Amino acid sequence: PVFTSADIAKALEKETEEFREIDASWRQIMQTTLTNHQVWQRCQEEKLLPTFREHNATLDVILKKLHAFLETKRQSFPRFYFISNDELLRILSDSK
């Protein structure tokens, strides 16, 4: 639900798109895994590990950008320094 907020999606357009691509890829991988009950065989696929590593690296970058975005919100509204990132994201996601 983080990137469903219009404020966050607008401020982090590139990251929102990258997250949606990773999410779609993850769902596709899990759907394929669901249809193939041979988990060991599925885990041995050559492209799976590099895909996960690439996604993890991209998610790390997205997380850093998200933290930077939250820091700008905290600078604008100092009372946000007293709440966690999760709470701040929930507030920003719920705001219209």
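Heads up: the structure comes first, above all this text.
Note that the structure is predicted; figures quoted are calculated from it, not measured.

Rules used in this analysis
- Residues numbered from 1 in each chain as written.
- Predicted model: local features only at pLDDT ≥ 70, side-chain atom pairs only at ≥ 80, totals over all residues.
- Heavy atoms only, no water.
- Helix = DSSP H or I, 4+ residues; strand = E, 2+ residues; numbered from the N terminus.
- Rg over C-alpha atoms; globule rule 2.2 N^0.38 Å.
- Buried < 20%, exposed > 50% of the residue type's maximum accessible area, 1.4 Å probe, protein only.
- Contact = heavy atoms within 4.5 Å.
- Areas by Shrake-Rupley, 256 points an atom, 1.4 Å probe, with all protein chains shown as cover.
- Lys, Arg positive; Asp, Glu negative; His and termini not counted.
- Charge placed at Lys NZ, Arg CZ, Asp CG, Glu CD.

Visitor: Just to check I follow, could you spell out the overall build of the protein for this structure?
Guide: The helix and strand inventory of the protein stands at 5 helices and 0 strands. Starting at the N terminus and ending at the C terminus, the protein contains elements arranged as α-α-α-α-α. For a compact globule of 96 residues, the expected C-alpha radius of gyration is about 12 Å, and the protein comes in at 17 Å, more than 25% above that figure. Each principal axis of the C-alpha atoms in the protein carries an extent, and together these give about 50 × 25 × 20 Å. Evaluated residue by residue, the protein yields a buried proportion of 24% over its 96 residues. Taking all contacts inside the protein whose residues are at least 6 apart in sequence as the whole, residues at least 24 apart take part in 46%. Per element, the accessible surface of the protein, about 7300 Å² overall, is 57% carbon and sulfur. A distance of 3 Å separates the average location of the 14 positive side-chain charges in the protein from that of its 15 negative side-chain charges.

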